[in-house]
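If you want the building blocks of each chain, they are given just below.
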Amino acid sequence: MSAAEVPARPAASSTPAARTKAPAATYISWAALAMMTTSSVASLRAAPTMAVYGLAAVFLYVVPAIVFLLPTSLVSAELASGWNGGVYKWVSEGISKPMGFLAVWCQFAMTIFYYPTLLGFVASTLAYVFNPALASSGVWTAIVIVVVYWTGVWVSSRGTKGIAGLASGGLIIGTLVPGAILVTLGIVFLGQGNASAAPMDASHILPEWAGLASLVLIVNNFLSYSGMEMNAVHVSSLRNPGKEFPRSMFLAMGLVLAIFILPALAISWFVPSEELSLTAGIMQAFEAVFAEFGWQWLTPIIGVMLVTASLAGMLTWLAGPSKGLLLISRQEGYLPPFLQKLNKNGVQQNILVTQGVVTTVIALGYALIPSVSSAYWIFSVITTQVYLIMYLLMFVAAVRLRRHDPDHPRGYRAPILASLCGVGFTASLAALLVGFIPPSQFGESNPAVYVLIVAGGALGLGLLVPFLFYRMRKPAWKQPVEPEAEVSQS
């Protein structure tokens, strides 16, 4: 990261105002922005989901990167460079304030299902530290989710400083190092003449077509790539956004694809797809590879590293979306005063506690749904669909803003914006609709039950709840906002 100062012009006057120096302009390099983007998007958690496809995982990761990751990155960069205030500002200016509220609500609401999904992975990984048999226990998973989440709420409500610094450390400790170990030992394993558990020949580059259900797992990759709009706020910190931002995004895309694809392939080398757990698959792979080299004692250590990264990510995200929702709601009166109340540390504790109650109820799904992998997948789909509603609104807003306010100052203008938004909107809508189709792994289950659960979670939480809040709003719900408070949620 580099910084450059813009010197102030010498003043003739000796007044204090004249002697005030112009603020320094701090820039970041395009490579630094690429690393920031990679650290906020890439994770090993999704690797088992795609490992079941073997070599076809490459195709299933590259396609959403082209039709979703790239449009999202470039479009959000233009919006962020022209309008401060994040997705609420973009959508409210481009469409309407009610739609802006819906967009920022979906950013918050997706975390309600995201945390059970993330902590379901934590529970399965943590099981390998104590007893691998617990990885398939729904009761164990539910207990871990409830305990860890409420601990995170307690930590966040105390206004602890420096939590954000855990993110970069989590990337190294829980993603880059374990991923590099897994891939390196996997290559050594194949180099010794051992056969891969999944076919690695050219005939398996494309996924086997077995109807629409065979493509449902690709929906989860949209969530894997989500969050790029949050890094777009840094586009104005580049010296030459027009040239450097696309360069930064292509580098980030390459790094993200490498982190997603290579560990997924490594898992498929060691663990047969029919034995793979969507939550514990990464630990299954480490257990298999360490057993091959006689290093079983490393398995619990890797488990702790992965858990550390996931917990760091949870803490850094826990209060962010809810704070953005709080600030918007105080300005416009979208939420009742109870949910707007702050504790003595200035933290939106009531929102976090209410979210925690819902998260606890969702966690019981792990105990009630027979397969932990099934529960994990259902909650992942609901999370993705709620978030996709926000992206649909963002793409529409970007086109309308370019059309109706073309002269508004923008630090970066995305090329062929209308085409990018068209591709991104179509891909997002297709992914949202495909999410209602039970994947092939759920062939023996009742499809109607699956659709009801997903529709109830995604449409109820993503559309019905914000609609009710908006209809019930009252002028008295508006609260004073501190002048220094900024709506930075994006």
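Residues numbered from 1 in each chain as written. Predicted model: local features only at pLDDT ≥ 70, side-chain atom pairs only at ≥ 80, totals over all residues. Heavy atoms only, no water.

Student: Where do I start with the overall build of the protein chain in this structure?
Tutor: Each helix and strand in the protein chain was counted, giving 19 helices and zero strands. By residue count, 52% of the 490 residues in the protein chain fall in the buried class. Considering only contacts in the protein chain between residues 6 or more positions apart, those separated by 24 or more positions represent 81%. By element, 65% of the accessible surface of the protein chain is carried by carbon and sulfur atoms, the whole surface being about 21000 Å². (Helix = DSSP H or I, 4+ residues; strand = E, 2+ residues; numbered from the N terminus. Buried < 20%, exposed > 50% of the residue type's maximum accessible area, 1.4 Å probe, protein only. Contact = heavy atoms within 4.5 Å. Areas by Shrake-Rupley, 256 points an atom, 1.4 Å probe, with all protein chains shown as cover.)

Student: I tried to follow the pattern of salt bridges on my own but got confused; where do I start?
Tutor: When their charged atoms lie close together, side chains carrying opposite charge are able to pair. Inspection of every chain in the model, using the stated rule, returns four salt bridges. A salt bridge links E93 to K89; its shortest N-O distance comes to 3.1 Å. Taken together, the positions of E93 and K89, both in helix 5 (residues 86-94) and four residues apart, correspond to about one turn of that helix. On the accessibility criterion, E93 (42% relative accessible area) is partly exposed. Among the ionic contacts, a cluster of salt bridges with common partners joins E78, R402 and R410. (Salt bridge = Lys/Arg side-chain N within 4 Å of Asp/Glu carboxyl O.)

Student: Can you help me understand helix 11 (residues 241-270) in this one?
Tutor: Side chains three or four residues apart in an α-helix point the same way, a direct result of the helix having 3.6 residues per turn. The terminal C-alpha atoms of helix 11, which comprises 30 residues, lie 43 Å apart, in line with the 44 Å expected from a rise of 1.5 Å per residue. Most of helix 11 sits inside the fold, with 21 of its 30 residues counted as buried. (Expected span 1.5 Å × (residues − 1).)

Student: Explain a nonpolar patch on the surface to me, please; I cannot follow it from the model alone.
Tutor: Taken together, W150, V353, V357 and V361 make up a surface patch of nonpolar side chains, about 320 Å² in accessible area. Take the nonpolar patch: its biggest share by element is three residues, from helix 16 (residues 349-368). Along the chain, V353 falls in helix 16. (Patch = residues over 30% accessible without salt bridge, like charges linked within 9 Å, V, L, I, M, F, W, Y side chains within 5 Å.)

Student: I tried to follow the confidence of the model for the protein chain on my own but got confused; where do I start?
Tutor: Regions with low pLDDT carry predicted coordinates that are not meant to be interpreted in detail. Looking at the protein chain as a whole, the pLDDT averages 79, with 82% of positions reaching at least 70. Note on residues 1-24: pLDDT is under 50 here. Beyond four places in sequence and across chains, it has 22 contacts. Here residues 483-490 is a poorly scored stretch, pLDDT under 50, and it has 23 contacts once near neighbours within four places are set aside; other chains count. (pLDDT = per-residue confidence, 0-100.)

Student: I keep staring at the packing of helix 6 (residues 97-130) against helix 12 (residues 281-293) and nothing clicks. Help me out?
Tutor: In a pair of packed helices, the angle between the axes and the distance between the axes together describe the arrangement. Where helix 6 meets helix 12, the closest approach of the two axes is 9 Å, and the angle between their N-to-C directions is 25 degrees. When the axis of helix 6 is compared with that of helix 12, the two are roughly parallel. Where helix 6 crosses over helix 12, the two elements pack in a sense that is right-handed. Contacts from F121, T125 and Y128 of helix 6 reach helix 12 at I282, M283, Q284 and E287. Taken together, the residues of the contact of helix 6 with helix 12 break down into four nonpolar, two polar and one charged. (Axes fitted to C-alpha atoms, helices over the stretch in contact; angles between N-to-C directions. Parallel < 35°, antiparallel > 145°, perpendicular 65-115°, else oblique. Left-handed = near helix turned anticlockwise from the far one by under 90°. Nonpolar A, V, L, I, M, F, W, Y, C, P; charged D, E, K, R; others polar.)

Student: Sorry if this is basic, but what is going on with the nonpolar core here?
Tutor: Taken as a class, soluble globular proteins show a tendency for nonpolar side chains to be buried jointly. Ranked by size, the top nonpolar core spans 139 residues in total, and within it Y61, V75, Y225, F245, I282 and F286 carry the most contacts. The biggest single contributor to this core is helix 6, with 20 residues. For Y61, the residues in contact, after removing those within four places along its chain, are A46, A47, M50, N221, Y225, L257, F260, I261 and A264. (Core = buried A, V, L, I, M, F, W, Y, C linked by side-chain atoms within 4.5 Å.)

Student: What am I meant to see in the packing of helix 6 against helix 16 here?
Tutor: Their axes nearest at 9 Å, the elements helix 6 and helix 16 cross at an angle of 50 degrees. Here helix 6 is positioned oblique relative to helix 16, judged by the angle of their axes. Of the two elements, helix 6 crosses helix 16, and the hand of that crossing is right-handed. Residues F108, T111, I112, F113, Y115, P116, T117 and G120 of helix 6 lie in contact with helix 16, whose contacting residues are I351, Q355, V358, T359, I362 and Y366. Each residue belonging to the contact of helix 6 with helix 16 can be placed in one class, and the counts come to nine nonpolar, five polar and no charged.

Student: Quick question: what am I supposed to make of helix 19 (residues 447-472) here?
Tutor: Taking 1.5 Å of rise per residue, 26 residues should cover 38 Å, and helix 19 covers 35 Å from first to last C-alpha, within 8% of that figure. The sharpest bend along helix 19 measures roughly 45 degrees and falls at G460. For helix 19, the set of buried residues is Y450, V454, G457, A458, G460, L461, G462, P466 and F469. (Bend = angle between axes of the 7 residues up to and from the residue.)

Student: Would you explain unusual backbone geometry in this entry?
Tutor: Negative phi values dominate among residues other than glycine, just as trans dominates among peptide bonds. Even without being glycine, I416 reaches a positive phi, approximately 40 degrees. With respect to the helices and strands, the residue I416 is situated in the loop between helix 17 (372-404) and helix 18 (417-434).

Student: How should the environment of L459 be read in this particular structure?
Tutor: Tracing the sequence through the fold places L459 in helix 19. We classify L459 as partly exposed; its relative accessible area is 38%. For the pair L459 and Q385, spaced 74 residues apart in the sequence, the C-alpha separation amounts to 8.5 Å. With sequence-adjacent residues up to four places away left out, L459 is seen in contact with F436, V454 and L464.

Student: What should I look at first to understand the environment of F130 in this one?
Tutor: Along the chain, F130 falls in helix 6. For the pair F130 and G303, spaced 173 residues apart in sequence, the C-alpha separation works out to 9.8 Å.

Student: Got a minute to help me understand the environment of I145 in this structure?
Tutor: By secondary structure assignment, the location of I145 is in helix 7 (residues 138-157). Taking relative accessible area as the criterion, I145 reaches 0% and is therefore assigned buried. Spatially, the C-alpha atoms of I145 and V122 are 8.2 Å apart, while their sequence positions differ by 23 residues. Setting aside residues up to four positions removed in sequence, I145 forms contacts with P116, L119, G120, T359, A363 and Y366.

Student: Can you help me understand the side chain of S428 in this one?
Tutor: The topology assignment puts S428 in helix 18. Apart from the residues within four sequence positions on either side, S428 is in contact with F68, F222, L388, Y391, L392 and F395.

Student: Can you help me understand the side chain of E332 in this one?
Tutor: Take E332: it is sitting in helix 14 (residues 320-332). Looking at E332, its side chain comes within polar contact range of the side chain of K97, at 3.3 Å. When near neighbours in sequence (up to four residues on either side) are disregarded, E332 contacts Y88, K97 and K478. (Polar contact = N/O pair within 3.5 Å; in protein donor to acceptor, adjacent residues only side chain to side chain.)

Student: It is not clear to me how the packing of aromatic side chains should be interpreted in this structure. Could you clarify?
Tutor: The description of two aromatic rings rests on the distance between their centres and on the angle between their planes. Applying the stated criterion to the full structure yields 13 aromatic pairs. With a centroid separation of 6.0 Å and an interplanar angle of 85 degrees, the aromatic rings of Y149 and W150 are classed as edge-to-face. Relative accessible area serves as the criterion here: at 30%, W150 is assigned to the partly exposed category. Through a chain of ring-to-ring contacts, the aromatic side chains of F101, W105, F108, Y334, F469 and Y470 assemble into a single cluster. Taking NZ or CZ as reference, R247 lies 5.4 Å from the ring centre of W30, over its face. (Phe/Tyr/Trp six-rings, centres within 6.5 Å; stacked < 30°, edge-to-face > 60°. Lys NZ or Arg CZ within 6 Å of the ring centre and 35° of its normal.)

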